[in-house]
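Listed below are the residues making up each chain.
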Amino acid sequence: MGLYYYDWTYIVFMLPALILSIVCSISVKSRFSKYSKIQNSRRITGAEAAHAVLSAHGITNVRIEQVSGSLTDHFDPRTNTIRLSDSVYGSASVAAVGVACHEAGHAVQHAEGYVPNKIRSAILPAANIGSRFSWILIIIGMILPVKFSFVITIGIVLFSMAVLFTLVTLPVEFNASSRALKTIKEVRLLNDEEYKGAKSTLSAAAMTYVASAATAVLQLLRLLLIANRRR
């Protein structure tokens, strides 16, 4: 098992992914912190901004609630609820407006039946199973004799469902930001300079999903290489 974690494939595949993830995480936290200190000129809070996006698209059946934590903002399609973190819900910062509008963008996707969002929801159960059980099977398969390599193969197939989920997530996240920024301009929630700050914040957040997808793909490639070498 030691070879699995520390052989040359770890350096080639996983180290770059780890560095990218760290850089993206630092970037999004830095930009959110920067633009959280800048109040928008209209003094619109995150909750009000999310409501404005929903209203602009004629959506009236989505609740907006406050949730504890930082950067815990999300849209729950099961209850049709936008949940905004403490630093977004009641804040009138540029960052808060950008993040809140992004989550409202997800609500609009759900209401309009955005196809990639439907695909993402459809594969979520399989992705959850893959995330929970793939590594158990892979590790067991590596412990067992080579003739039981099919156990690793099953684990890799399950893991590939989780990888697929991260890839499908990319267009969903980018589209939500695109919808948010477009609406911000159309209803003039922010002035031009503030808009740039919101866009910068959302762009940094989007890169964390790119890093996550890249990490998942590289992990899958590494597993395929190790499985093939084991045979």
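Residues numbered from 1 in each chain as written. Predicted model: local features only at pLDDT ≥ 70, side-chain atom pairs only at ≥ 80, totals over all residues. Heavy atoms only, no water.

Re the pattern of salt bridges
Inclusion rule: Each salt bridge in this description consists of a side-chain nitrogen of Lys or Arg and a carboxyl oxygen of Asp or Glu lying within 4 Å of one another. With a 1.4 Å probe rolled over the protein chains alone, any residue whose accessible area is under 20% of its type maximum counts as buried; one over 50% counts as exposed, and the rest are partly exposed. Labels follow the DSSP assignment, with helices taken as runs of H or I lasting at least four residues and strands as runs of E lasting at least two, numbered in each case from the N terminus.
Applying the stated criterion across every chain, the model contains five salt bridges. For Glu65, the salt bridge is made with Arg63, and the minimal N-O distance between the two is 3.2 Å. Relative accessible area serves as the criterion here: at 28%, Glu65 is assigned to the partly exposed category. Arg63 sits in the partly exposed class, given a relative accessible area of 44%. Here Arg179 and Glu112 are joined by a salt bridge, their closest N and O atoms 2.9 Å apart. Residue Arg179 is located in helix H7 (residues 150–186), and its partner Glu112 is located in helix H5 (residues 94–112); the two are separated by 67 residues in the primary sequence. With relative accessibility at 18%, the residue Arg179 sits in the buried group. For Glu112, a relative accessible area of 48% puts it in the partly exposed group.

Considering the packing of aromatic side chains
To be explicit about the condition: Side-chain rings of Phe, Tyr and Trp, where Trp is taken by its six-membered ring, are said to pair if the distance between their centres is within 6.5 Å; with planes under 30 degrees apart they count as stacked, over 60 as edge-to-face, and otherwise as tilted. Definition used: whenever NZ (Lys) or CZ (Arg) falls within 6 Å of the ring centre and also within 35 degrees of the ring normal, the charge is taken to sit over that ring.
If you walk through the whole model with that rule in mind, you get two aromatic pairs. When the centroid spacing of 5.5 Å and the interplanar angle of 70° are considered together, the rings of Trp135 and Phe159 count as edge-to-face. In this pair, Trp135 sits in helix H6 (residues 115–143) while Phe159 sits in helix H7, placing the two residues 24 residues apart along the sequence. Here Trp135 falls in the partly exposed class, since its relative accessible area comes to 25%. For Phe159, a relative accessible area of 10% corresponds to the buried category. Above the face of the Tyr114 ring, Arg179 is positioned so that its terminal group lies 5.3 Å from the ring centre. Over the aromatic face of Tyr195 sits the side chain of Lys185, whose NZ or CZ is 4.7 Å from the ring centroid.

Remarks on the nonpolar core
Going by this rule: Among buried residues, the Ala, Val, Leu, Ile, Met, Phe, Trp, Tyr and Cys ones that are joined through side-chain atoms within 4.5 Å form a nonpolar core. For this analysis, residues touch if any pair of their heavy atoms sits within 4.5 Å.
Ranked by internal contacts, the top residues of the largest apolar core, which has 33 residues, are Leu54, Ile82, Leu84, Cys101 and Ile184. Of all the secondary-structure elements, those providing two or more residues to this core are helix H2 (8–36), helix H3 (46–56), strand S3 (81–85), H5, H7 and helix H8 (192–230). Sorting elements by how many residues they give to this core places H5 first, with 10 residues. Not counting the four nearest positions on each side in its chain, Ile184 is found in contact with Val97, Gly98, Cys101, Leu189, Leu190 and Tyr195. Counting residues in hydrophobic clusters, the runner-up holds 11 residues, among them Ile138, Ile152, Leu223 and Ala227.

Here's the deal with the sheet that holds S3
Strands pair in a sheet through their backbones, by hydrogen bonds, and they do so in one of two ways: parallel or antiparallel. The condition that has to hold: We call two strands paired when DSSP finds no fewer than two bridges between them. For helices, the fitted axis covers only the stretch in contact; all axes are lines through C-alpha atoms, and the angles between them, taken along N-to-C directions, range from 0 to 180 degrees.
Read from one edge to the other, the open sheet built from three strands follows the order S1-S3-S2, with strand pairing classed as mixed. Among the strands making up the open sheet, the edge pair consists of strand S1 (63–67) and strand S2 (74–76). Direction aside, the axes of adjacent strands within the sheet are offset by 30° on average. Here S1 runs beside S3; their pairing, made up of five bridges, is parallel. If you follow Val67 over to S3, its bridge partner there is Ser85. Each of S1 and S3 touches H3; the most contacted strand, S3, lies at about 155° to it.

What about the layout of surface pockets?
Spelled out, the test is: Definitions used throughout: a 1 Å grid over protein atoms alone; a cavity as a set of points that fits a 1.4 Å probe which cannot get out; a pocket as an open set with protein on both sides within 12 Å along at least five of seven lines; a lining residue as one with an atom within 4 Å of a point. Grid points are joined across faces, edges and corners, and a volume is the space filled by probe spheres set on the points. All amino acids are sorted into three groups, where Ala, Val, Leu, Ile, Met, Phe, Trp, Tyr, Cys and Pro are nonpolar, Asp, Glu, Lys and Arg are charged, and the leftover types, Gly among them, are polar.
Considered as a void within the structure, the largest pocket measures approximately 810 Å³ in volume. In terms of lining residues, the largest pocket is bounded by 31 residues, among which His74, Glu103, His106, Glu173 and Tyr209 are the most central. Of all the elements in the fold, those that place two or more residues in the lining of the largest pocket are H2, S2, H5, H6, H7 and H8. Of the residues that constitute the lining of the largest pocket, the class distribution is 14 nonpolar, 11 polar and six charged.

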